[in-house]
Amino acid sequence: MKRSRFPFVITVVILFFFYLPIIILVINSFNASRFGSGWQGFSLRWYVRLFHEPEIWRATRNSLIIAFSATALALVLGTTAALALYRFAQSRLQRFHYTLIYTPLVVPEILMGISLLMFFVAAQIRLGLSTIFLAHVTFCISFVAMVVLARLQDFDYAIVEAAQDLGAGWWATTRKVLLPLLLPGLIAGGLLAFTLSIDDFVITFFVAGPGSTTLPIRIYSMIKYGSPPLINALSTILLIITFGAVVMSQRISRVKS
Amino acid sequence: MPVKIETRKKIQEWLISFPSVFWLCLFFVIPTLFVFAIAFRSSNPYGGISAGWTLDNLRHLADPNYLVVAWRTVWISVLTTVICIFLAVPAGYYLARISSKWRNLFLMLIIIPFWTNFLIRIFAWKSLLHPEGLIKRLLVFLGLVSPQASLLYNPGAVVLVSVYTFLPFTILPIYAAAEKFDFELLEAARDLGARPFQAFRKIFIPGIRTGLVTAILFVLIPALGSYVIPDIVGGPTSELIGNKIAQRVFVDRDLPQASVLSVVLVLSVLAPLIVVLFLQRKRGKAEVMLLED
């Protein structure tokens, strides 16, 4: 049967559409011209300038503090949630629990941002790094729970019961059987939570206070008021880190499977 | 004793569910209820919330300015969804039919932009569409637009960048559904005399229905709540409801008015979800009826 070439053409057009802006941005980051209106020779001046911007470094530090701490707590809460959803699947509590985990995934970010802002204002909690941390844990839990739950559904829980039958206590079963089996899910969930936390702008912008600038908030104000070549250079560095992380996580998952 | 085991199991369940249930009730359910409550409060001059209840905020919704913004939010979101689906269906079909080696490469190429920072992707388009940017100069060179025309700060730019941002979320569920589709059905339809497009439309499209519904919701819901894209590439003539919420919060410091607008947004997001649930239930009934026949 002769197949239409149309789907192939559309797919190639989509990939071109996806990468065109990114490639132009990377090229422009090495452009000596200030306005990017034409090629004026290869230059690293924007990268050099970037290293002399203390605010970017401060924002990066804030972002990393929040991403690491929010990921750690979200991993604990998301994993216990996944275990509960898996073990007690049919109970009434777990149906409510599942709705609770699932809804934040479909709610637009701006609604979560504004509701947390209202809550913090009403509870008179001062906005700052701590409120950003609380918000990030909240939206990361659902993603971790979904990834870990998918992993749990893939393996035979009888192994855990067998360990208990053979006399392993609660702690030994968790540490020697459950955790090693869940490890790929925990790594995948943790990476996802970390990326979501470090990239989040909308929710963070609502709950951030003075002096708690994160990297996306800094990028936003640079886009609105700053100099474009600096953002090009910063974006290129972030793109390289992202590509590296994606390739690495692909490697990990390939080794595991 | 069975009763004791049952109780122990119940306690175990509560213990292991407690941390996440408690956290999400405190930081998700209660804050959402706050939005609904604050919608009926008035603001105080210090940007806070004053005591006492009022319906004033609701009355402000009748402002014709808001109606224009609401209508624009709907048409920009629907147009974005339609374009995404038209691009994602052929792409999902193609990905499901190629060899796994090529498929993995293409899937990875589609996922990578989704991992890159969302602000950076929007900024990349802003510089492309900029008066000095590549696309503008190319279009002027080809004589397609006048040198005075602006490609930025209009609803078209918002739709373009929204499609760019949400397209990966549409391709993946459609591909996942297409992968499970039995392509021999298409050949059977062809053998029975269907034209290629007819077979595609009448056999393939219904076959990937669940993927299509997921894909539509994955674009429509975030598009309705979109705020950063119109803020960066849109101008005053392309503000959406999300921008109005942000303005009430950051510019006017009128939290009650922002709450009312958020309630409107919640309802507009619930509308497509309810339609989907309703259709699914109706289908379920129709299938039961077919079985009874």
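Criteria and cut-off values
- Residues numbered from 1 in each chain as written.
- Chains lettered and ligands numbered in written order.
- Predicted model: local features only at pLDDT ≥ 70, side-chain atom pairs only at ≥ 80, totals over all residues.
- Domains from an automatic or database assignment.
- Helix = DSSP H or I, 4+ residues; strand = E, 2+ residues; numbered from the N terminus.
- Nonpolar A, V, L, I, M, F, W, Y, C, P; charged D, E, K, R; others polar.
- Contact = placed C-beta atoms within 7 Å.
- Pairing = 2+ DSSP bridges.
- Axes fitted to C-alpha atoms, helices over the stretch in contact; angles between N-to-C directions.
- Parallel < 35°, antiparallel > 145°, perpendicular 65-115°, else oblique.
- Buried ≥ 20, exposed ≤ 12 C-beta atoms within 10 Å, placed from the backbone.

Caption draft 1: Main features of the domain arrangement of chain A. Residue and element names in this part refer to chain A. If you check the domain split of chain A, you get domain 1 (63-226) and domain 2 (227-257). When contributions to the side of domain 1 that touches domain 2 are tallied by element, the ones reaching two or more residues are helix H8 (170-199) and helix H10 (215-225). Class assignment for the residues of the side of domain 1 that touches domain 2 results in six nonpolar, one polar and no charged.

Caption draft 2: Examining the interface of chain B and chain A more closely. Contacts between the two partners involve 63 residues from chain B, matched on the other side by 63 residues from chain A. The element best represented in the side of chain B that touches chain A is helix H1 (residues 2-38) of chain B, accounting for 16 residues. Per-class residue counts for the side of chain B that touches chain A are 47 nonpolar, eleven polar and five charged.

Caption draft 3: Structural context of the pairing of strand S2 (residues 49-53) of chain B. All names here are of chain B. Two elements, strand S1 (residues 41-43) and S2, share three bridges in a ladder whose sense is antiparallel. Paired with Ser43 across the bridge in S2 is Ile49. Between S1 and S2, which pair antiparallel one after the other, the connecting turn spans five residues, and Gly47 there sits at a positive phi close to 85°.

Caption draft 4: Examining unusual backbone geometry more closely. Positive phi, normally seen in glycine, also occurs at Gln124 of chain A, with a value near 55°. For Gln124 of chain A, the position within the fold is in the loop between helix H5 (109-122) and helix H6 (129-154).

Caption draft 5: Local environment of the packing of helix H1 (residues 6-29) of chain A against helix H5 (residues 118-129) of chain B. Running from amino to carboxyl end, H1 of chain A crosses H5 of chain B at an angle of 75°, the nearest separation of the two axes being 9 Å. The pairing of H1 of chain A with H5 of chain B is recorded here as roughly perpendicular in orientation. Mapping the contact onto sequence places Pro21, Ile22, Ile24, Leu25 and Asn28 of chain A in H1 of chain A and Arg121, Ala124, Trp125, Ser127 and Leu128 of chain B in H5 of chain B. Of the residues that constitute the contact of H1 of chain A with H5 of chain B, the class distribution is seven nonpolar, two polar and one charged.

Caption draft 6: Highlighting the environment of Ser115 of chain A. Considering the arrangement of structural elements, one finds Ser115 of chain A in helix H5. Placed 91 residues apart in sequence, Ser115 of chain A and Phe206 of chain A show a C-alpha to C-alpha distance of 9.2 Å.

Caption draft 7: Main features of helix H7 (residues 158-165) of chain A. Of all eight residues in H7 of chain A, zero are buried; the element is thus mostly exposed. Downstream of H7 of chain A by one or two residues, Gly167 of chain A has phi in the positive range, about 100°.

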